[in-house]
Amino acid sequence: MRTAVIIPCYNEAATIGPVVAAVAAYGVPVVVDDAGTDGSAELAARAGAEVVRHERNRGYDGALQSGFERAAALGAEAAVTIDADGQLDPALLGRLLDPIRENRAELVLGARPAAARVSEAAFNLYARLRFGVADILCGQKAYRMDLFREHGRFDGVRSIGTELALWALRRGVRWTAVPVPVRPRQGASRMGSVLRAEARIFRALGQALAADLRGGRWA
């Protein structure tokens with residue numbers, strides 16, 4: 001099964017090369033350089049990644065959207081996401097992809113040991129009560145690419161990487177979860193300051209609740 005490993009990246013020069021090298025065994029690494037300035041794109045290309053470059057910063061969701069578009073153009077049948085910061089273990093990608101490759105699931109969700117923020121805990125409480133999902137915000141998820149093609153986008157509402165997964169869950173697709181440990185992060189958070197991160201995640205939770213009120217339709 002042709003697989004893309006989608007890696008959103010913004011100024012991750014310290015980690016992007018090793019991450020690309022580690023994930024290459026699981027699929028084509030697709031690194032989306034979100035208008036970074038530290039040479040991450042060049043390092044990713046040298047490590048063997050397919051690199052998409054943004055001329056202006058589009059944020060985490062915009063980077064993932066571009067990554068899924070490139071994965072579709074490459075003819076990928078499955079895609080798995082992983083952050084570029086080194087917190088998530090690339091060795092777990094096989095466990096996320098196996099249920100899709102074995103036709104046991106269309107969606108596989110990573111589940112971290114605990115939420116990092118109050119807003120994440122609130123979002124996860126919603127996802128647990130609504131769908132039985134423990135961690136909707138984990139940066140490691142795997143998808144059958146038919147979901148992306150059917151929905152028509154990965155994200156259009158700045159959902160912190162949750163729109164496609166929530167859309168699929170509302171449709172009742174087969175899904176499973178895989179526990180993923182989190183390692184210490186190198187460098188600053190991609191989410192910005194604590195208050196900014198909390199506000200962004202609470203906004204994404206509001207989008208998810210609004211979609212429920214609209215019968216599953218996103219804005």
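Residues numbered from 1 in each chain as written. Predicted model: local features only at pLDDT ≥ 70, side-chain atom pairs only at ≥ 80, totals over all residues. Heavy atoms only, no water.

**A closer look at helix H3 (residues 59-73)**
So, point 1. In this model, H3 (15 residues) spans 21 Å end to end at C-alpha, consistent with the 21 Å of a helix rising 1.5 Å per residue.
So, point 2. Here H3 has its buried residues at Tyr60, Asp61, Gly62, Ala63, Leu64, Gln65, Ser66, Gly67, Phe68 and Ala71. (Helix = DSSP H or I, 4+ residues; strand = E, 2+ residues; numbered from the N terminus. Expected span 1.5 Å × (residues − 1). Buried < 20%, exposed > 50% of the residue type's maximum accessible area, 1.4 Å probe, protein only.)

**Quick word on the nonpolar core**
So, point 1. Residues Phe68, Leu107, Phe123, Tyr126, Ile136, Leu164 and Leu166 are the most contacted members of the largest nonpolar core, which totals 41 residues.
So, point 2. Counting residues per element, the ones that place at least two in this core are strand S1 (3-9), strand S2 (28-33), H3, strand S5 (107-111), helix H5 (118-131), helix H6 (145-151), helix H7 (163-170) and helix H8 (194-213).
So, point 3. Counting residues per element, this core draws most heavily on H7, at 6 residues.
So, point 4. Contacts of Leu164, omitting those with residues within four sequence positions, involve Phe68, Tyr143, Leu147, Phe148, His151, Arg153 and Phe154. (Core = buried A, V, L, I, M, F, W, Y, C linked by side-chain atoms within 4.5 Å. Contact = heavy atoms within 4.5 Å.)

**Regarding the packing of H5 against H7**
So, point 1. One way to put it is that H5 packs onto H7 with a least axis distance of 11 Å and a crossing angle of 20°. The orientation of H5 with respect to H7, classified from their angle, is roughly parallel. Considering the relative orientation of H5 and H7, their crossing is left-handed. Of H7, the residues touching H5 (which contributes Phe123, Tyr126, Arg130 and Phe131) are Leu166, Leu169 and Arg170.
So, point 2. Taken together, the residues of the contact of H5 with H7 sort by class into 5 nonpolar, no polar and 2 charged. (Axes fitted to C-alpha atoms, helices over the stretch in contact; angles between N-to-C directions. Parallel < 35°, antiparallel > 145°, perpendicular 65-115°, else oblique. Left-handed = near helix turned anticlockwise from the far one by under 90°. Nonpolar A, V, L, I, M, F, W, Y, C, P; charged D, E, K, R; others polar.)

**Some details on the pattern of salt bridges**
So, point 1. Tallying each qualifying case throughout the model produces 11 salt bridges.
So, point 2. With its nearest N and O atoms 2.4 Å apart, the salt bridge here joins Glu106 to Arg174. Here Glu106 is found in the loop between helix H4 (93-101) and S5, whereas its partner Arg174 is found in the loop between H7 and strand S7 (175-179), with 68 residues between them in sequence.
So, point 3. Between Glu163 and Arg153 there is a salt bridge, with its nearest N and O atoms 2.6 Å apart. Residue Glu163 is located in helix H7, and its partner Arg153 is located in the loop between H6 and H7; the two are separated by 10 residues in the primary sequence.
So, point 4. The class of Arg153 is partly exposed, set by a relative accessible area of 24%.
So, point 5. Through salt bridges that share partners, Arg112, Arg117, Glu120 and Asp135 make up one connected network. (Salt bridge = Lys/Arg side-chain N within 4 Å of Asp/Glu carboxyl O.)

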